[in-house]
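Letter by letter, the chains look like this.
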Amino acid sequence: MDKVYQEVINMTNKLKSHSEEDPEACIFYNKMQGDYHRYKSEYTKPNSTELYQCKLCYAAILEHTKRLPPTDPIRLSAALSYSVMFYEQFNDTEAAVQLAKETFDAAIADLDTLSDENYKESTLIMGLLRDNLTLWTSTGDND
C-alpha cells in the first residue's frame, strides 16, 4: 500500500508542477494529493506527517478555488474534503462546520449562475455538504 501511495504522490507532484497556470488542474492535483495523505493517515498513527501534508494540500486548494465560481464542482468537492478532514482527522467540528457552511451558503447565493453541465454534480456535492452540516450540528460535538 505504501508503494502505491508514494507512486501517486510522486506522479501528482510532477503533474502539479506543470499545471500552475490552470486553476482547475492545480486544484485537482492538490486535492488528489490531500486525499491520499488523508487516506494514508487513516492507517498510520494519528497526527502523523500525513495529516500535516494533507492539511497543506487542502489549504493550497482553498487559495486556488477562489478563482472559480462558488458553484463549481471542483471548488465544492475540495471544500467537502477539507471539511471532512477537519471533522474526522482533527476532531475540529467548529472548523468543519464553518468551512462547510461558508461553502454551502456561497453556492446557494450563486445558484442562479450554475451551468446546466455542472448542475447535477454541483447540487449533489451541495447536498453532501448540507447532510454533513446537519450531522455535525445535531450531534452536539460543536462547542
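Keep in mind the model is a prediction, meaning the values are calculated, not measured.

1. Re the side chain of Arg38
Then comes step 1: Within the fold, Arg38 resides in helix α2 (residues 23–43).
Then comes step 2: Judged by its relative accessible area of 9%, Arg38 falls in the buried class.
Then comes step 3: What Arg38 contacts, discounting residues up to four positions off in sequence, is Cys54, Tyr58, Ser81, Val84, Met85, Glu88 and Gln89.

2. A look at the packing of aromatic side chains
Then comes step 1: What the rule picks out here adds up to five aromatic pairs.
Then comes step 2: Centre to centre, the rings of Phe28 and Tyr29 are 5.3 Å apart; their planes meet at 75°, and the pair counts as edge-to-face.
Then comes step 3: Residue Phe28 is classed as partly exposed on the basis of its relative accessible area, which comes to 44%.
Then comes step 4: Accessibility expressed as a relative area gives 18% for Tyr29, which makes it buried.
Then comes step 5: Each residue in the set Tyr58, Tyr82 and Phe86 is aromatic and connected to the rest through ring pairs, giving one cluster.

3. Some thoughts on the nonpolar core
Then comes step 1: Counting residues in each nonpolar core, the largest one holds 25 residues, and the members touching the most others are Tyr58, Leu76, Tyr82, Met85, Phe86, Leu129 and Trp136.
Then comes step 2: Elements that contribute at least two residues to this core include exactly α3 (49–65), α4 (73–88), α5 (93–109) and α6 (116–138).
Then comes step 3: Counting residues per element, this core draws most heavily on α4, at eight residues.
Then comes step 4: Beyond its immediate chain neighbours, meaning those up to four positions away, Tyr82 contacts Lys55, Tyr58, Ala59, Leu62 and Leu99.

4. Here we look at unusual backbone geometry
Comment: phi is negative for the bulk of residues other than glycine, and the bulk of peptide bonds are trans.
Then comes step 1: In this structure, Asn91 takes a positive phi of about 50° despite not being glycine.
Then comes step 2: Relative to the elements of secondary structure, Asn91 occurs in the loop between α4 and α5.
Then comes step 3: What makes Asn91 exposed here is its relative accessible area of 64%.

5. Focus on the layout of surface pockets
Then comes step 1: In this structure, the largest pocket spans a volume of roughly 280 Å³.
Then comes step 2: The wall of the largest pocket is formed by 14 residues, among which Leu62, Ala79, Leu99, Glu102 and Thr103 lie closest to the centre.
Then comes step 3: Of all elements in the fold, only α3, α4 and α5 reach the threshold of two or more residues within the lining of the largest pocket.
Then comes step 4: Ranked by the residues each element gives to the lining of the largest pocket, the list is headed by α5, at six residues.
Then comes step 5: Split by residue class, the lining of the largest pocket holds eight nonpolar, three polar and three charged.

6. What about the pattern of salt bridges?
Then comes step 1: Scanning the model with the defined rule gives six salt bridges in all.
Then comes step 2: Of the charged contacts, one joins Lys31 and Asp35 as a salt bridge, the two residues approaching to 2.6 Å between their closest N and O atoms. Residue Lys31 and its partner Asp35 are located together in helix α2, separated by four residues, close to a single helical turn.
Then comes step 3: Residue class for Asp35 comes out buried when judged on its relative accessible area of 7%.
Then comes step 4: A salt bridge links Glu50 to Lys40; the shortest N-O distance between them is 3.8 Å. One end of the pair, Glu50, is in helix α3; the other, Lys40, is in helix α2, and ten residues separate them in sequence. Each of the two residues, Glu50 as well as Lys40, counts as buried.
Then comes step 5: What you see here is one network of salt bridges that share partners, running through Lys31, Asp35 and Arg38.

Thresholds, definitions, all that
Residues numbered from 1 in each chain as written. Predicted model: local features only at pLDDT ≥ 70, side-chain atom pairs only at ≥ 80, totals over all residues. Heavy atoms only, no water. Helix = DSSP H or I, 4+ residues; strand = E, 2+ residues; numbered from the N terminus. Buried < 20%, exposed > 50% of the residue type's maximum accessible area, 1.4 Å probe, protein only. Contact = heavy atoms within 4.5 Å. Phe/Tyr/Trp six-rings, centres within 6.5 Å; stacked < 30°, edge-to-face > 60°. Core = buried A, V, L, I, M, F, W, Y, C linked by side-chain atoms within 4.5 Å. 1 Å grid on protein atoms, 1.4 Å probe; cavity = no way out; pocket = protein on both sides within 12 Å on 5 of 7 lines; lining within 4 Å. Points joined across faces, edges and corners; volume = space filled by probe spheres on them. Nonpolar A, V, L, I, M, F, W, Y, C, P; charged D, E, K, R; others polar. Salt bridge = Lys/Arg side-chain N within 4 Å of Asp/Glu carboxyl O.

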